[in-house]
Every structure is written in structure tokens, then in C-alpha cells.
Amino acid sequence: MTDVTSRDGTKIAYSRAGEGPALVLVDGALNTRTFGPNPDLAKLLADHFTVYTYDRRGRGDSGDTAPYAIEREVEDVEAVIEAAGGSAYLYGISSGAALALEAATRLSSVKKLALYEAPFVVDATRPPTPSDCGARIGELVAAGKRSAAVKLFMAKGVNLPGAVVALMPLMPAWKQLKAVAHTLPYDLALVQHAQAGKPLPADRWSALAVPTLVVGGTKSPQWMRNGVEALAGTLPGARHRALPGQTHIVKAAALAPVLREFFGG
């Protein structure tokens, strides 16, 4: 593990593995560079790419600087790309896909972009995420109620059934989820513009100028599949790929070959 300093002075921790063109992986909510789907994915991609995984600000070994802004997270991506040599392929999953999309729209250092299931709610197939969800989570964390904060996110942000949410504290990983609960408002800030059950804005990403692949799983909830298809249809020149049998918790073995083909490794 090493670190790089982002533009606002925040230390961003990252790890590097493999040889080949630089590829930066961006985590979704509640994940770190050592916890979540990206560590396994990095291992399968390291024989074709130099893979960079990093702790988004406020998580793992990275620092944090208030107040939060999407622009600061884009600058974090930029700093990791600079550490990778100044240009890189970029992949993001879930809210990390939303962040990767913002970064690729704003940074000329991104060469290609791949996105897995940005959690956009574009129709009435599920309730929209409440606009105050991030603020409510922040209040719960400030009150020391981290479990309640994660449960609120799972219920209102992810739209999991109540029975499932109630059982989540029994998971072995619950302690790790609570440890980064304070960053959930960051994830919600990244996606709230596209979680209101309305069509995606046609002009938000009109500046995107890199080859883009939008990927989703055929077993993911209908609302998520609809969001993936809508995003692929909105981004300039994007390609859409559906992975048979995959859900939002995508298996690295199913996704890695698709990314290798797209990025040209």
C-alpha cells in the first residue's frame, strides 16, 4: 500500500498489482480496496493490466476532508491516475460507476470507461430514494447509530426488503459495513440526481468522449436493469452488455473476461 495526495491535501491510499496498461477500479458503497468485489476482480485482471485499487476518501487507509463534494472525489480519481502514469482505463461499480462516469466526463486522462450497474432509478419499478436520505444517515452517524444508518441505506437506498435488512446485522461483514457508514452520504450525493424515478437527463454526460461499456446482470432487480439500459442509451456511443445469471454482486470470473476484451488487454 502507498498513497497519493489529492488536490485538497487528502491522502488517498492505493494498491497496485500486475503489469500492462493502467486500469483503476472504483468501489461502490461500503467497500474498500480490500473489502468488496474489486479485490477479486483485480487479481483476475492483473495478468493483463497494472491494476490500481484505492480507498475512496473516508474509507480504509485514506483520509477525509470536510466538506464533501463530488468534485473532490473526481480529484481523488485524478490523483490515482497521475500516480499510474498520467492516463488509465477506468472501471466503476454501483455508486463507484456513477463516480467513474463523472470522472471520465471531466478528465482527459481517462482512455476508456466501463460501468457496472450504476444504481439509477429511472421509472416506477421501485420507489425513488428519498431526497433527504443522505442527511438522515449523516444524523444517525453523528448520533453514534451506525447500524441504523446502514439499515436506512439498505432499505431506502438499495430497496432491500425489510426482512432482509433486519437480518443483516448477523452477517460476518456487518462490522466492516458499520465502519464506513459515515461515507454513505457521499454515495448518495453521487446518485441522487438519478434516483427519483425519472428519465436520465440527456445532457448531463454529453461531454463524455471516450469509448464506454455499460454492463449489468440479467438476474439483478428490474429497476436496476432498466437503469442500466437507460444509461447505455443516454451515453454517447456507449455499448451495453448483459451478463447472464449475474446480480449486483457480480462474480469476478464472469466480469473479468468482458473487461479484458473491452480494454484490450
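Look up a bit, the structure's there.
What counts as what
- Residues numbered from 1 in each chain as written.
- Predicted model: local features only at pLDDT ≥ 70, side-chain atom pairs only at ≥ 80, totals over all residues.
- Heavy atoms only, no water.
- Axes fitted to C-alpha atoms, helices over the stretch in contact; angles between N-to-C directions.
- Helix = DSSP H or I, 4+ residues; strand = E, 2+ residues; numbered from the N terminus.
- Parallel < 35°, antiparallel > 145°, perpendicular 65-115°, else oblique.
- Left-handed = near helix turned anticlockwise from the far one by under 90°.
- Contact = heavy atoms within 4.5 Å.
- Nonpolar A, V, L, I, M, F, W, Y, C, P; charged D, E, K, R; others polar.
- Core = buried A, V, L, I, M, F, W, Y, C linked by side-chain atoms within 4.5 Å.
- Buried < 20%, exposed > 50% of the residue type's maximum accessible area, 1.4 Å probe, protein only.

Asker: Residues and numbers for the packing of helix α3 (residues 95-106) against helix α8 (residues 184-191), please.
Answerer: As a packed pair, α3 and α8 sit with axes 9 Å apart at the nearest point and diverge in direction by 55°. Considered as vectors, α3 and α8 are oriented oblique to each other. Crossing of α3 over α8 shows left-handed handedness. In this structure, α3 contributes S95, A98 and L99 to the contact, and α8 contributes D187, L190 and V191. When the residues that make up the contact of α3 with α8 are grouped by side-chain class, the tally is four nonpolar, one polar and one charged.

Asker: Please provide a residue-by-residue account of the nonpolar core, values included.
Answerer: In this structure, Y54, L90, L113, L115, F120 and L231 are the most contacted members of the largest nonpolar core, which totals 43 residues. Counting residues per element, this core draws most heavily on α3, at seven residues. L115 has contacts with G92, A97, A100, L101, T212, L213, V214, V215, L231 and L235, leaving out every residue within four places of it along the chain.

Asker: Provide a residue-level description of α8, including the pertinent values.
Answerer: Within α8, seven of the eight residues are buried, leaving the element largely enclosed by the surrounding structure. Considered for burial, the residues of α8 that qualify are L184, P185, Y186, D187, L188, L190 and V191. Buried residues along α8 sit against α2 (70-83), α3, α4 (133-142) and α5 (146-157).

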